[in-house]
Amino acid sequence: MRATQRSPSNLPASLENLTNLADVDLSHNNLDKIPDCIYTLSNLKRLNMSDNAITEISVAIENWSKLEVLNMCRNQLTALPLQICKLETLRRLMVNENQLDFEGIPSGIGKIVGLEMFAAAHNRLEMIPEGLCRCPNLKKLILNSNRLVTLPEAIHFISETLDQLELADNPEMVWPPKPRGMAQGSGVTFYNIDFSLQAQLRNAGAQAAQLAATLAQQQGTPKDPIARKKRLRQFRKDQKDQQDDKQEKILKGMKEIAKDEEKQKQKDKMTEERSQEVKTQKRWDEALERPPLNYHEFFDPDVGQIPGITIWEIENFLPNQIDESVFGKFYEGDCYIVLKTSMDDSQNLEWKIFFWIGEKSTLDKKACSAIHAVNLRNYLGAQGRTHREEQADESDEFLELFDHDITYIEGGRTASGFFTVEEMEYPLRLYRVFPTTIGIHLETVACVAESLDPRHVFLLDDGKDIYVWQGSKAKKTLTTKTRLCAEKMNKEERKNSAEIHTLVQGKENNDWPQFWAALGLEEGEEEDLEIEEHVDHKFVPVVPRLYQVGLGMGYLELPQVDVPEGKLIQKLLSTKNVYILDCFCDVFVWIGRKSTRLVRAAALKLSQELLKMIVRPEHAVTTLVKEGTEPQVFKTKFNGWTDVIDVDFTRTAESVRKTGANLKDWAAKQETKVDLSALFTPRQQPMTLEEAQQCMDEWNDDLDSMDAFVLEGKKFVKLPENELGHFYSSECYVFLCRYWVPGDPPEDEKEEETEPEDDFQCVVYFWQGRQASNMGWLTFTFSLQKKFETLFGDKLEVVRMHQQQEAVKFMAHFKRKFVIHTGRRRQEKQPVKMEEEPQEVNAKAVKPKFKPKQRPEPVPEEPQKPQPELFHMRSNGSPLFTRCIQIRPNAASLNSEFCYILKVPFGQDDDSGIVYVWLGEKSDEEEGRLAEEVAQEMYDPEKYSLQVVREGEEPENFFWIGIGGCKPYDKDAGYMCHTRLFRCSNEKGYFAVSEKCSDFCQDDLADDDTMILDDGNQVFLWLGSKASDVEIKLALKSAQVYVQNLRVKQPELPRKLLCTFKGKESKKFSRCFHGWGEFKTTRE
């Protein structure tokens, strides 16, 4: 149909029945738009619409899902629609001789992965989007006869693969500089740290031979003979230059010696002159002078001349004398000066000065009361000092000044001298969120629960609390964008003082009551609320209208601003003008910095008139916006509003002089200190059982006595002997250990017959469970520790320990029988109280029996059904760190290389049951024997029968029922031979990686740090919720270097780098920690 004078009137309304039509040619027809019937061709592959008068392409272009060739040359197009980026099969796009500029080409054109040819000659292009250079299959790029200034740097990535690149007739065209090739990890992006394996091995102190061998094994490149010749030539040249430089160095050295002698003479002369000045100077106290203060400005001339009481209150930094009728009535928020004047025996005046501090008084009143009390003493010439009196702690001498009891009055009568800053008030607003092509749009709705819709995401702004509500049918990506918008609101408008809550419909959350209360619902009304789909699916937000406020000839003008292509951009706002943005539900008045006062006042009045001019919802309001402080809701109305500052206004002239104008070039030359040596040290070998037994014997031989105490209520009481070795995660314990210290032999050899006197040392171990509060430590510090210090003095040492972070010497005293229970302990009777403690502690006690007896039958405080208990025995890095920790009864927690203890109670009274000792198929025999002994000592054999069960021989009746049913579990624990935990932190002032000991636990995962965990198969990068962006980036590069080094040293165990967040850990991660559970929460 080429040149057939076609028009919409002589074309059919629809062509959707022509399913096989794939090629259409409508060129040379003088059409002003593409006929609507063409958009109905779903199988169209080639379309030629050249030599027409088409001005725009409809968004229905996305219906051509199979289009391969589109020819729109010689038309009047000014922009291509965004929907063209969805044509993934498009191979050839020709738009020559149109009116396209840079903004007319979509930035997401790089999504057309199949694009091979892009022709846009004879247009108005100043630049092309960088995404066009990212098309992987692009072969022809025709851009001649445009207004190109430069091209994106990404053009260098495809310049070699392009078959045809035409850039003729672009007179101002400047070819972009080629990006410098940077080694991985170098440059300012990674804080100028070279993270290459070669550099980090050198920094870690690796030997040259080992370094060369490692790099040769990694690279495996042959030697270059040409490079070897160049090095030899350079070596000869350097030798010759060294010989020529010897004579010059000798002459230079003689000149420097002469200069040094001259400088030394000048220094000696200056030293003599300074010594003469010091001799003539006065002492510091001789130079002090009393400031000439006029006390009449503060006090009356007759003050202190008549016996009685005079009182001043502090107001605006100055004393103000009060009436005698209000003596003895003090405001809690004020401060007072009290003067008592009396006559002594020789009829001379005598003064006593007090200053009274209110409990709720401000800092300026406290300081001024003390200062003016001293001024009053100097004014009267009184002897003695001023007396400080605090509310509710007054001295008897002060109280005797008044005939009646003093009274306290709430609040403050006088004003503070400080300026007070009023809290900003934020109106309650509810926004419905709609997605846009580049962000989100916030539509203001009524602040009622009926506005919610399960298909949408809502943002509730309640000042200090910002709620993001996600409907059950809403997209999660929209929730993420809304959360990001809330973060910007908190950072820019609330100064990070607001708290952001994310609520999902149908999921429990502790913030639901506050959310419903903000929407005006009473407690319990939300249960009867039914959230329905009431928003029309065809709803489109109202297009905002921008008006400029101006002053005409005696009247106000409000012309509408012409918005190009219907897109609001930040450049439309001029700093000299005032604008009104009408969004139907919101009317914003934007005031430029350089606008006149008259126009500002007129804009406020016009906005109110504009608000009432048409029918709007009741929640529609007018908002005043000043330039530079625009709220996030206002910014979402504009396309591409960014807060990036191109110019760094914080730099001073001195910093520019020191670093130069180009900060990036200066930063590239700086060296950043890092310490990654821990990543290259070999893993610590585990201690054998024989070595551990030897250490335990030596430390226990030195132990003279050990007394144990446990916190009950607010006092520490004696721990029953049958509970020794059993710890509860919600309790605090104190162990007083007395160690024998051999005396030093006498220096005189003649006195060999006299034996040296033995000495002792006392160490107090404070053990705090994971769920225990810090109140136990405070109680110990102010009570028990003081008694121990009185008894033992300098021989006392206090060691504070947390659960699973015990000292190795402390662990040795329990001979591998260290049991940690969940929750609180329960006693059958009251143990010995603390008052008897000093006599027992002071005397030499007998060594405790470390083999604990059977525990008394636990008596629950409230009758409840007994639950099964499961304990996991495991050694971390050394047999000394053997613990038996209670975990949740779950068959998935079993492992064939460990031993477990399972208690299954019968009945309701917990007076009978069975105890299983489960031995894994690959478990250690010694640990199996130890687990059996611990089980025998933990439970009364008369009530609980003990049964040792090996893996695969479990009884079907009680064992699997008690553990929650048979489930698949791990058959191997090879990760125990490879586990390593590293901590990445900036606390030393520079980035450093340190390794935790082999006995690490879950509490070692610091919330403000980044950790690296290696289990032999994977390397996990664990991110704390409060870790900084700098630490995360540097830790990621460190983990990559660590994996790269292991691939060279251990090629048989290739590691995979994974990332995990706090609270999102997988089982492969958590199994490396003994007794994994919920993260520690300290109750203050």
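Because the structure is a prediction, the values reported are computed rather than measured. (Residues numbered from 1 in each chain as written. Predicted model: local features only at pLDDT ≥ 70, side-chain atom pairs only at ≥ 80, totals over all residues. Heavy atoms only, no water.)

Draft legend 1. View of the nonpolar core. Judged by nonpolar contacts, the single largest core of 50 residues is most densely connected at Ile-38, Leu-93 and Phe-118. Excluding residues within four positions of it along the chain, Ile-38 makes contact with Leu-15, Val-24, Leu-26, Leu-44, Leu-47 and Trp-64. Among the nonpolar cores identified, the runner-up in size contains 30 residues, and Tyr-431, Leu-442, Ile-500 and Leu-581 belong to it. (Core = buried A, V, L, I, M, F, W, Y, C linked by side-chain atoms within 4.5 Å. Buried < 20%, exposed > 50% of the residue type's maximum accessible area, 1.4 Å probe, protein only. Contact = heavy atoms within 4.5 Å.)

Draft legend 2. Summary view of the sheet that holds strand β42 (residues 1056-1061). Reading across the sheet, the 6 strands line up as β25-β39-β38-β40-β41-β42 and stay open at both edges, with mixed pairing between neighbours. Every interior strand has two partners, whereas the edge strands, β25 (674-675) and β42, have only one. Docked against the sheet, helix α19 (residues 1029-1049) engages β38 (980-985), β39 (991-995), β40 (1010-1014), β41 (1018-1023) and β42, running at close to 20° with respect to β40. (Pairing = 2+ DSSP bridges. Helix = DSSP H or I, 4+ residues; strand = E, 2+ residues; numbered from the N terminus. Axes fitted to C-alpha atoms, helices over the stretch in contact; angles between N-to-C directions.)

Draft legend 3. Looking closely at the confidence of the model for the protein. On average, residues of the protein score 82 in pLDDT, and 83% of them are at 70 or above. Throughout residues 181-189 the model reports pLDDT below 50, and contacts reaching past four residues in sequence, or to other chains, amount to 17 contacts. The low-confidence segment residues 828-853 (pLDDT under 50) makes 52 contacts with residues lying over four places distant or belonging to another chain. (pLDDT = per-residue confidence, 0-100.)

Draft legend 4. Highlighting a nonpolar patch on the surface. Together, Phe-317, Leu-318, Leu-363 and Phe-418 give the surface a local cluster of nonpolar side chains, amounting to about 400 Å² of exposed area. Its location among the elements puts Phe-418 in the loop between β14 (407-409) and β15 (429-435). (Patch = residues over 30% accessible without salt bridge, like charges linked within 9 Å, V, L, I, M, F, W, Y side chains within 5 Å. Areas by Shrake-Rupley, 256 points an atom, 1.4 Å probe, with all protein chains shown as cover. Salt bridge = Lys/Arg side-chain N within 4 Å of Asp/Glu carboxyl O.)

Draft legend 5. Spotlight on a positive patch on the surface. Together, Lys-255, Lys-259, Lys-263 and Lys-267 line one region of the surface with positive charge. Within the secondary structure, Lys-267 is located in helix α4 (residues 225-280). Assessed through its relative accessible area of 52%, Lys-267 is described here as exposed. (Lys, Arg positive; Asp, Glu negative; His and termini not counted. Charge placed at Lys NZ, Arg CZ, Asp CG, Glu CD.)

Draft legend 6. Structural detail: the packing of aromatic side chains. The final tally for this structure, using the stated rule, is 55 aromatic pairs. Taking 6.2 Å as the distance between ring centres and 35° as the angle between the ring planes, the aromatic pair formed by Phe-330 and Phe-398 counts as tilted. Of this pair, Phe-330 sits in strand β10 (residues 329-331) while Phe-398 sits in helix α6 (residues 396-399); the two residues are 68 residues apart in sequence, bridging distant segments of the chain. Of the two residues examined, Phe-330 and Phe-398, each falls in the buried class. (Phe/Tyr/Trp six-rings, centres within 6.5 Å; stacked < 30°, edge-to-face > 60°.)

Draft legend 7. Spatial organisation of unusual backbone geometry. Its identity as a non-glycine residue notwithstanding, Arg-74 has a phi of 55°, on the positive side. Located in the positive-phi region is Lys-495, a residue other than glycine, with phi close to 55°. Tracing the backbone shows Lys-495 in the loop between α7 (476-493) and β19 (499-504).

Draft legend 8. How the structure looks around the pairing of strand β20 (residues 545-551). By the bridge criterion, 5 bridges tie β20 to strand β22 (residues 578-582) in an arrangement that is antiparallel. Note on β22: the bridge partner recorded for Gln-548 is Tyr-579. With 2 bridges connecting them, β20 and strand β21 (residues 556-557) associate as antiparallel partners. Across the sheet, Gly-550 pairs through a bridge with Glu-557, a residue of β21.

Draft legend 9. Expanded view of the environment of Leu-141. Looking at the element boundaries, Leu-141 is found in strand β6 (residues 140-142). Under the relative-accessibility criterion, Leu-141 is labelled buried at 1%. Considered as a pair, Leu-141 and Ala-121 are 20 residues apart in the sequence and their alpha carbons are 9.5 Å apart. If near-sequence neighbours (up to four positions away) are discounted, Leu-141 is found in contact with Phe-118, Ile-128, Leu-132, Ile-155, Leu-162, Gln-164, Leu-165 and Glu-166.

Draft legend 10. Representation of helix α5 (residues 363-380). Over its 18 residues, α5 runs 26 Å from end to end, which matches the ideal 26 Å to within 8%, given 1.5 Å per residue. By the burial criterion, the buried members of α5 are Asp-364, Lys-365, Cys-368, Ser-369, His-372, Ala-373, Asn-375, Leu-376 and Leu-380. Angularly, the buried residues of α5 cover 165° about the axis, an arc narrow enough to put them on a single face. For α5, the secondary structure elements touched by its buried residues are β8 (308-315), β9 (318-321), β11 (335-343) and β12 (349-357). The positive-phi residue at the C-terminal boundary of α5 is Gly-381, with phi of around 70°. (Expected span 1.5 Å × (residues − 1). Arc of directions from axis to C-beta.)

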